[in-house]
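Secondary and tertiary structure notes
Below, each chain spelled out in residue letters.
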Amino acid sequence: MSHFTLTKTSLFVSTLYLGLMGSVFAAESVDKQLPMSSDTLLQIKVQRGEVQIQSWDKNEVSVTGTLDELSEGFVFEQKGNNLTIEDKMPRHYNGSDNNGSKLTIKVPKSVKLNADTISANLQISQTQGELELNTVSGNITAEALDGTPTLHTVSGDITTKGLAGKVMLDTVSGEIKDTQSKGEIKYRLVSGDLNSQTLADKVKVEQVSGEIKADFNSAKEVNVRTVSGDTQVSLAKSFDKANLESVSGDIIVTFADTPDANFELNGGPGGKIKNGLSQDAPQRQKYVPNESLSFQTGSGSASVKMDTISGNLILKKQ
């Protein structure tokens with residue numbers, strides 16, 4: 001066999017091999033629909049990539065887009081009251097999120113939904129019901145949800161707008177940015193920052209080692225507990241009660257106007273109190289370096305309690 005023939009054969013084999021590899025790793029398209037009843041739980045399992053969840057006026061679920069380039073199969077089936085959407089992946093794999101799933105999922109406006117990802121980003125809008133979204137390192141973006149939305153990340157960020165109902169936003173080391181949420185909301189963070197401009201009636205914050213910047217001017221009840229992080233909160237003139245506690249962090253509360261409230265402030269060991277609402281001055285205990293302050297403004301109808309250990313408690317008026 002001549003050298004020319006060998007070269008031609010090798011080139012053919014190489015081209016065939018590359019063609020086969022391309023067909024193996026090429027992203028597979030998907031376009032499927034299934035009916036969905038109101039008592040069905042929709043479970044979404046996608047490890048990496050981008051997932052958009054949107055509502056429509058049909059009693060069915062639609063999935064369109066492309067699967068992960070390493071996908072080992074697409075599952076879209078209903079068993080009993082569970083409807084599952086899953087892009088199955090190898091147990092071990094390498095590669096970037098750029099090769100991940102790119103899916104748009106349309107669901108009935110009222111839906112019971114559970115979504116789990118590893119590094120995939122989740123976007124969801126215009127849905128209501130029992131909604132639970134979880135991701136490890138992906139980000140969650142949500143808009144106009146209602147019902148009982150629960151959003152959880154480990155190291156990803158959560159960005160929300162116009163949520164309503166009983167809302168839970170939870171992250172370990174990511175950041176939370178929430179605007180125009182209504183109803184009852186709870187924020188929980190470990191080492192991330194919170195930026196909130198909520199319209200909720202009831203607000204609860206639990207945070208360790210992060211900063212809080214929050215506008216709670218629509219809230220009637222506020223509860224904040226933070227460890228080793230600074231807190232800046234604004235409250236309206238009219239509310240029912242506000243309880244704020246810190247360890248090794250400052251709490252600054254700014255009021256839109258002098259409220260009708262009864263104040264109980266405890267500086268604890270090493271804490272200091274600065275009162276910018278009235279002429280009332282903090283009292284220092286004789287043998288222990290603790291500052292405390294009790295006073296009333298207006299009718300005193302609302303209740304404000306603030307406690308700290310080695311932090312500053314600061315009251316201000318805009």
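Residues numbered from 1 in each chain as written. Predicted model: local features only at pLDDT ≥ 70, side-chain atom pairs only at ≥ 80, totals over all residues. Heavy atoms only, no water.

Once that is clear, we can look at unusual backbone geometry. In this structure, A144 takes a positive phi of about 55° despite not being glycine. Of note, A144 is situated in the loop between strand 11 (140–143) and strand 12 (146–153). Despite not being glycine, S248 has its phi angle at roughly 55°, a positive value. Judged by its relative accessible area of 42%, S248 is partly exposed. (Helix = DSSP H or I, 4+ residues; strand = E, 2+ residues; numbered from the N terminus. Buried < 20%, exposed > 50% of the residue type's maximum accessible area, 1.4 Å probe, protein only.)

As a further point, take the pairing of strand 24 (residues 261–269). Within a regular strand, the side chains alternate between the two sheet faces. In this structure, strand 24 lies alongside strand 27 (residues 290–297), joined through eight bridges in antiparallel fashion. Considered in strand 27, the bridge of P269 is made with N290. Across six bridges, strand 24 lies against strand 28 (residues 302–309) in parallel orientation. Bridge assignment links N266 to a residue of strand 28, and that residue is D307. (Pairing = 2+ DSSP bridges.)

Throughout the structure, instances matching the rule amount to four aromatic pairs. Considering the side-chain rings of F74 and F76, the 6.1 Å spacing of their centres and the 40° angle between planes classify their relative orientation as tilted. With relative accessibility at 13%, the residue F76 sits in the buried group. Pairing F255 with F263 gives two aromatic rings, centres 5.9 Å apart and planes at 80°, and the pair type is edge-to-face. Given a relative accessible area of 0%, F255 falls into the buried group. In this structure an aromatic cluster arises from ring pairing among F239, F255, F263 and F295. (Phe/Tyr/Trp six-rings, centres within 6.5 Å; stacked < 30°, edge-to-face > 60°.)

As a rule of thumb, soluble globular proteins bury nonpolar side chains together. Judged by nonpolar contacts, the single largest core of 67 residues is most densely connected at I85, L113, Y187 and F216. Non-local contacts of I85, meaning those with residues more than four positions away in its chain, are made with L42, Q43, I44, K45, V61, V63, F74, V75, F76 and I105. (Core = buried A, V, L, I, M, F, W, Y, C linked by side-chain atoms within 4.5 Å. Contact = heavy atoms within 4.5 Å.)

This paragraph deals with the UniProt feature "domain: DUF4097" (unreviewed entry) in the protein. Listed under "domain: DUF4097" (unreviewed entry) in the UniProt record, and renumbered for this structure, are residues 42–262. Secondary structure over residues 42–262 splits into 0% helix and 61% strand, and the C-alpha atoms at its two ends are 48 Å apart. (UniProt positions renumbered as here; feature names shortened; annotations may be inferred.)

Approximately 170 Å³ is the volume found for the largest pocket. The wall of the largest pocket is formed by K166, V167, M168, E184, I185, K186, K202, V203, K204, E221 and N223. Only strand 14 (166–171), strand 16 (184–189), strand 18 (202–208) and strand 20 (221–227) provide two or more residues apiece to the lining of the largest pocket. Tallied by class, residues from the lining of the largest pocket come to four nonpolar, one polar and six charged. (1 Å grid on protein atoms, 1.4 Å probe; cavity = no way out; pocket = protein on both sides within 12 Å on 5 of 7 lines; lining within 4 Å. Points joined across faces, edges and corners; volume = space filled by probe spheres on them. Nonpolar A, V, L, I, M, F, W, Y, C, P; charged D, E, K, R; others polar.)

As a further point, take the pairing of strand 11. Burial along strand 11 is one-sided: I140 and A142 are buried, and none of T141 and E143, which face the opposite way, are. Two strands pair when backbone bridges link them, and strand 9 (residues 121–125) and strand 11 are joined in this way by four bridges, in the parallel orientation. What sits directly across from Q123, in strand 11, is T141. In terms of strand pairing, strand 11 meets strand 13 (residues 158–161) through four bridges, oriented parallel. What sits directly across from T141, in strand 13, is T159.

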